[in-house]
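Here is what each chain is made of, one letter per residue.
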Amino acid sequence: MERNKGYQKLKEKTRLRGNSFFFLSTILLVDAFLIGLCISVALQERNMSVQAAVQKAESGVRGEKYLALTFDDGPDKDYTKRLLEGLRERGVKASFFLVGENIDGNEELLSQMTKDGHLVGTHCLNHVDLTKKSIEESCRDIWATNEKIQAVTGRYPEYIRPPYGIWSEELEECVGMTPVFWDIDPLDWQVRDAGQIVEHIRKNVKKHQIILLHDTYGTSVDAALAVVDVLGREGYVFVTVDELLID
Ligand SMILES: [Zn+2]
């Protein structure tokens, strides 16, 4: 009987120990499950936020309609100044391809261009077809213009808009610059009518294009600012040519 009691106690103890073990195991299992659940939810959330970011970036790239306004032949004391003010008011960046000989006396305009975040590139020294001169002479003209720009802005230009769009591989090898051509040419220097220039651009525009204008005519400045307003309302975003060429 005594032995039996002892056996019963032992059995009870074993059962209790067994129960505690079972209880502890259950807690551990539940904990492990909860931790696992938390990790999986966290990972899922992280995945979802990564996916959302990728989708957002993709839709941003797909959704944007970029345009680059480019201006040749300046800087001009009056017209470039008015254009810079208009672009600043609208928060728009453009690209300027300068004539070296026009820089003298207009250094303030150049500084303003850089300050406002516009791209400053080279057009030429004195507006001639670069392929009509010897390679050496044309390269010297381009370097001279680049140095004039660097002296004022502190940046050596990387982009060139060759006069009349005439360029050669030899010139490119010689100066190591990227030539920038254009998609839309409203012949603003000939038309001299802001309404007609705007209409030409509006009719021909597609996303990711480069528009050629000249900041040496009042009608071109009026047209450029009107284009920013009209096409801006149609969802176009104006960027500098380097941003367009990268895309
Ligand atoms: Zn020109």
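This report concerns the structure included in the present document. (Residues numbered from 1 in each chain as written. Predicted model: local features only at pLDDT ≥ 70, side-chain atom pairs only at ≥ 80, totals over all residues.)

Focus on the overall build of the protein
Here is step 1 of the chain: Each helix and strand counted, the protein has 10 helices and 7 strands in total.
Here is step 2 of the chain: The 247 residues of the protein split such that 31% are buried.
Here is step 3 of the chain: Partitioning the intrachain contacts of the protein with sequence separation of at least 6 by distance along the chain shows that 79% fall at a separation of at least 24. (Helix = DSSP H or I, 4+ residues; strand = E, 2+ residues; numbered from the N terminus. Buried ≥ 20, exposed ≤ 12 C-beta atoms within 10 Å, placed from the backbone. Contact = placed C-beta atoms within 7 Å.)

Quick look at unusual backbone geometry
Across residues other than glycine, the phi torsion is negative in most instances, and most of the peptide bonds are trans.
Here is step 1 of the chain: Of note, the amide linkage connecting Gly74 to Pro75 takes the cis form, showing an omega dihedral of 5°.
Here is step 2 of the chain: Residue position: Pro75 is located in the loop between strand E1 (65-72) and helix H2 (79-90).

Concerning the nonpolar core
Here is step 1 of the chain: Of all hydrophobic cores here, the largest spans 46 residues; its most connected members are Ala68, Leu69, Ile211 and Ala224.
Here is step 2 of the chain: For this core, the element with the highest residue contribution is helix H9 (residues 218-233), accounting for 7 residues. (Core = buried A, V, L, I, M, F, W, Y, C linked by C-beta atoms within 7 Å.)

A closer look at the environment of Pro186
Here is step 1 of the chain: Tracing the backbone through its elements, the reader meets Pro186 in the loop between strand E5 (178-179) and helix H7 (188-191).
Here is step 2 of the chain: The sequence separation of Pro186 and Leu213 amounts to 27 residues, and the corresponding C-alpha distance is 7.6 Å.

Describing helix H8 (residues 194-204)
It helps to recall that an α-helix has 3.6 residues per turn; residues three or four apart then point in one direction.
Here is step 1 of the chain: Regarding H8, the residues found buried are Ala194, Ile197, Val198, His200 and Ile201. With its buried residues spanning 160° around the axis, H8 presents them on a single face. Along H8, the residues that are exposed and aim more than 90 degrees away from the buried face are Gly195 and Lys203.
Here is step 2 of the chain: Those residues of H8 that are buried are in contact with H7, strand E6 (209-214) and H9. (Arc of directions from axis to C-beta.)

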